[in-house]
Amino acid sequence: MKGIFKKALSLTMVAALAVSVAACGDGATMKKIEKSGKLVIGTSADYAPYEYHTMLDGKDTIVGIDISIAKEISKDLGVQLEIVDMGFDGLLAALNTNKVDIVIAGMNPDEERRKAVDFSKIYYEAKQGIMVRTGDKEKLKSIDDLKGKKVGAQLGTVQEKIAKEQIMDANLISLGKIPDLVMELKNRKIDALVVELPVANGYVRNNNDLALTDIAVKEDTGGSAIAVRKGNTDLVKLIDQTLDRLMKEGSIDKFVQEANEMNVTTEEK
Ligand code: ARG
């Protein structure tokens, strides 16, 4: 076994690791990663530009900002990357039952989630928007115009909460996957979608029949962070080191750009 964490861990961190092994099992995660030689990430690959499926060299591949970041983290840890793709609403349970080592899924570290897991630093910030059919854009101009309308949001997300809290009498339709919600919007089953702006922008670019409204929603999502099991403080430190490096190098902006460039559909979604 090669000392895979040697490079990344400073002496103080090794000492901290020893303490936390006893205290909260942090070492167990590190040992598992080292022993298996791979970092297993949980994600919900329905979320371009963060993580999504695309054909690369004729093969279905998961790509995106989060995947590029995860590759760097596993590279810094000296291990392989393994991706487990599942519904967004099952990610934290998968983390806490040891099915995955970390969760990276454009996830906002809100208060409720912080009770269940720990988070890295914020690596990307984005605002929220309301996407509608192009033909309805002129009709739906303020949050009040959405009153009583069928509004969609992804299950278990901050967007679902925004719809519930900020749209009066909204008839909320929550589904597990964003592409399914977009289909419902196109097929007039729902009238609007609460969605993160980078995600909405991709759909609007690729679909003439979809548009972003000027409706502003209140913001308190605070950006995306990577989730680890509670007490996995040394793993978070290593993740934060990689994030610091990527932010300093300007790599995250580059990943965003690459992910957007790859997010092109020729056929109708
Ligand atoms: N940012 C939102 C949240 O944390 C939605 C993230 C959805 N991510 C995904 N990969 N589908 O609740």
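Residues numbered from 1 in each chain as written. Predicted model: local features only at pLDDT ≥ 70, side-chain atom pairs only at ≥ 80, totals over all residues. Heavy atoms only, no water.

Labelled according to an unreviewed UniProt entry, the chain appears under the name Arginine-binding extracellular protein ArtP, originating from Ruminiclostridium hungatei.

Trainee: Is there a simple way to explain the overall build of the chain in this structure?
Mentor: Tallying secondary structure elements over the chain gives ten helices and 13 strands in all. The buried share among the 269 residues of the chain stands at 50%. Element-wise, carbon and sulfur atoms account for 53% of the exposed surface of the chain, whose accessible area totals about 12800 Å². (Helix = DSSP H or I, 4+ residues; strand = E, 2+ residues; numbered from the N terminus. Buried < 20%, exposed > 50% of the residue type's maximum accessible area, 1.4 Å probe, protein only. Areas by Shrake-Rupley, 256 points an atom, 1.4 Å probe, with all protein chains shown as cover.)

Trainee: So what exactly am I meant to see when it comes to the site of the ligand here?
Mentor: Taken together, 15 residues form the shell around the ligand, and within it Ala 105, Gly 106, Asn 108, Arg 113 and Val 158 come nearest. In the model, a nitrogen atom of the ligand is placed 2.9 Å from a nitrogen or oxygen of the Glu 51 side chain. For the ligand, the protein covers 100% of the area, taking 340 Å² as the surface of the free molecule. Looking at the shell around the ligand, the elements with two or more residues in it are strand E2 (46-47) and helix H6 (158-166). Across the shell around the ligand, the residue classes tally to five nonpolar, six polar and four charged. (Near = heavy atom within 4 Å. Polar contact = N/O pair within 3.5 Å; in protein donor to acceptor, adjacent residues only side chain to side chain. Nonpolar A, V, L, I, M, F, W, Y, C, P; charged D, E, K, R; others polar.)

Trainee: Honestly, the side chain of Asp 240 in this entry has me stumped. Any pointers?
Mentor: Within the fold, Asp 240 resides in helix H9 (residues 233-249). No salt bridge is formed by the buried Asp 240, whose closest oppositely charged neighbour, Lys 121, lies at an N-O distance of 5.4 Å. Apart from the residues within four sequence positions on either side, Asp 240 is in contact with Ser 120 and Lys 121. (Lys, Arg positive; Asp, Glu negative; His and termini not counted. Salt bridge = Lys/Arg side-chain N within 4 Å of Asp/Glu carboxyl O. Contact = heavy atoms within 4.5 Å.)

Trainee: What is the right way to look at the nonpolar core in this model?
Mentor: A general trend in soluble globular proteins is that nonpolar side chains are found buried together. Of all hydrophobic cores here, the largest spans 47 residues; its most connected members are Ile 69, Met 131 and Ile 226. In terms of nonpolar packing, the next biggest core, distinct from the first, is built from 15 residues, Val 40, Met 107, Ala 225 and Ala 227 among them. (Core = buried A, V, L, I, M, F, W, Y, C linked by side-chain atoms within 4.5 Å.)

Trainee: Sorry, what's going on with the pattern of salt bridges here?
Mentor: According to the stated counting rule, one finds 14 salt bridges in the structure shown. Across the salt bridge formed by Lys 230 and Asp 118, the nearest N and O atoms sit 3.0 Å from each other. Of this pair, Lys 230 sits in the loop between strand E13 (227-229) and H9 while Asp 118 sits in strand E7 (residues 117-119), placing them 112 residues apart in sequence. The partly exposed category is assigned to Lys 230, whose relative accessible area is 42%. One connected set of salt bridges, linked through shared partners, spans Glu 72, Lys 75, Asp 76, Arg 245 and Glu 249.

Trainee: What am I meant to see in the confidence of the model for the chain here?
Mentor: As a note on interpretation, predicted positions should not be read in detail where pLDDT is low. Averaged over every residue, the pLDDT of the chain is 90; the share at 70 or more is 89%. Here residues 14-24 scores under 50 on pLDDT; set against residues more than four positions off or in separate chains, the count is 15 contacts. (pLDDT = per-residue confidence, 0-100.)

Trainee: Help me understand the packing of aromatic side chains, please; the structure alone is not making it clear to me.
Mentor: Pairs of aromatic rings are described using the distance from one ring centre to the other and the angle between the two planes. Summed over the entire model, instances satisfying the criterion amount to two aromatic pairs. Seen from their ring centres, Tyr 50 and Tyr 124 are 6.0 Å apart, and the 70 degrees between their planes marks the pair as edge-to-face. Taken as a pair, Tyr 50 in the loop between E2 and strand E3 (51-56) and Tyr 124 in the loop between E7 and strand E8 (128-133) lie far apart in primary sequence, 74 residues in all. Using a relative accessible area of 19% as the deciding quantity, one classes Tyr 124 as buried. (Phe/Tyr/Trp six-rings, centres within 6.5 Å; stacked < 30°, edge-to-face > 60°.)

Trainee: Where do I start with the sheet that holds E2 in this structure?
Mentor: Pairing in this open sheet of three strands is antiparallel, and the strands run E2-E3-E4 from one edge to the other. In the strand order of this sheet, the two ends are held by E2 and strand E4 (59-63), each with one partner. Sheet topology places E2 next to E3; two bridges connect them, and they run antiparallel. Along E3, the bridge assignment pairs Asp 46 with Tyr 52. (Pairing = 2+ DSSP bridges.)

Trainee: Would you take a moment to explain the packing of helix H2 (residues 26-36) against H9 for this structure?
Mentor: In a pair of packed helices, the angle between the axes and the distance between the axes together describe the arrangement. At a minimum axis distance of 7 Å, the contact between H2 and H9 shows a crossing angle of 55 degrees. Here H2 is positioned oblique relative to H9, judged by the angle of their axes. Every residue of H9 that contacts H2 at Asp 26, Thr 29, Met 30 and Ile 33 is listed here: Thr 233, Asp 234, Leu 235 and Leu 238. Taken together, the residues of the contact of H2 with H9 break down into four nonpolar, two polar and two charged. (Axes fitted to C-alpha atoms, helices over the stretch in contact; angles between N-to-C directions. Parallel < 35°, antiparallel > 145°, perpendicular 65-115°, else oblique.)

Trainee: When you look at H9 in this model, what are you seeing that I'm missing?
Mentor: One turn of the α-helix equals 3.6 residues, which is why residues spaced by three or four share an orientation. Counted at 1.5 Å a residue, the expected span for H9 with its 17 residues is 24 Å, and the 24 Å between its end C-alpha atoms agrees. Turning to H9, its buried residues number three or more, namely Asp 234, Leu 235, Val 236, Leu 238, Ile 239, Asp 240, Thr 242, Leu 243 and Leu 246. (Expected span 1.5 Å × (residues − 1).)

Trainee: It is not clear to me how the sheet that holds strand E10 (residues 171-175) should be interpreted in this structure. Could you clarify?
Mentor: Strand pairing within a sheet occurs via backbone hydrogen bonds; the two strands may be parallel or antiparallel. In space, the five strands of this open sheet follow the order E10-E9-E11-E8-E12, with mixed pairing throughout. At either margin of the open sheet sits one strand with a lone partner, and together these are E10 and strand E12 (210-212). On average, each strand axis in the sheet is inclined to that of its neighbour by 30 degrees, with strand direction left out of account. Pairing analysis gives five bridges linking strand E9 (residues 150-154) to E10, with the strands arranged parallel. For Ala 153, the partnering residue across the bridge sits in E10 and is Ser 174.

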